[in-house]
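Here is what each chain is made of, one letter per residue.
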Amino acid sequence: MTIEAYCMKCKEKKRMLDPKAGKTSNGKDIMKGTCPACGSTICRIGAVPDGK
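Residues numbered from 1 in each chain as written. Predicted model: local features only at pLDDT ≥ 70, side-chain atom pairs only at ≥ 80, totals over all residues. Heavy atoms only, no water.

Draft legend 1. Broad picture of the overall build of the protein. What the protein contains, in helices and strands, is zero helices and five strands. Reading the protein from its N terminus to its C terminus gives the helix and strand order β-β-β-β-β. Compactness check: the protein gives a C-alpha radius of gyration of 11 Å against a globular reference of 10 Å for 52 residues, within 12% of the reference. For the C-alpha atoms alone, the extent of the protein along its principal axes is close to 30 × 25 × 15 Å. Counting only residues that meet the buried cut, the protein has 25% of its 52 residues in that class. Across the protein, contacts joining residues at least 24 apart in sequence account for 27% of those joining residues at least 6 apart. (Helix = DSSP H or I, 4+ residues; strand = E, 2+ residues; numbered from the N terminus. Rg over C-alpha atoms; globule rule 2.2 N^0.38 Å. Buried < 20%, exposed > 50% of the residue type's maximum accessible area, 1.4 Å probe, protein only. Contact = heavy atoms within 4.5 Å.)

Draft legend 2. View of the nonpolar core. In this structure, Ile3, Ala5, Cys7, Met16, Met31, Cys35, Ile42 and Ala47 together form the largest nonpolar core, which totals eight residues. Residue contacts for Ile3: discarding those within four places in its chain leaves Lys14, Arg15, Met16, Met31 and Arg44. (Core = buried A, V, L, I, M, F, W, Y, C linked by side-chain atoms within 4.5 Å.)

Draft legend 3. Representation of the pairing of strand β4 (residues 29-34). Looking at chain direction, strand β3 (residues 17-23) and β4 are connected through five bridges and run antiparallel. Considered in β4, the bridge of Lys20 is made with Lys32. Counting the residues that bridge the hairpin from β3 to β4 gives five residues, and of these Gly27 lies at a positive phi of roughly 95°. Bridge analysis of β4 against strand β5 (residues 41-45) gives five bridges, and the strand direction is antiparallel. Residue pairing across strands places Ile30 opposite Ile45, the latter belonging to β5. If you look at the hairpin formed by β4 and β5, you'll find six residues sitting between the two strands, and Gly39 has a positive phi there, around 85°. (Pairing = 2+ DSSP bridges.)

Now the structure itself:
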């Protein structure tokens, strides 16, 4: 499963490392992972992995 998200430090879309599904405080689906270039946390709201 590959998910892309925008990294605020690198200023470009990156492929997420170790993505994990979750929910925001207001109930929206979210994928949270790590930027492969700088190591910061990147998120993608509304991204639901296949099979869920």
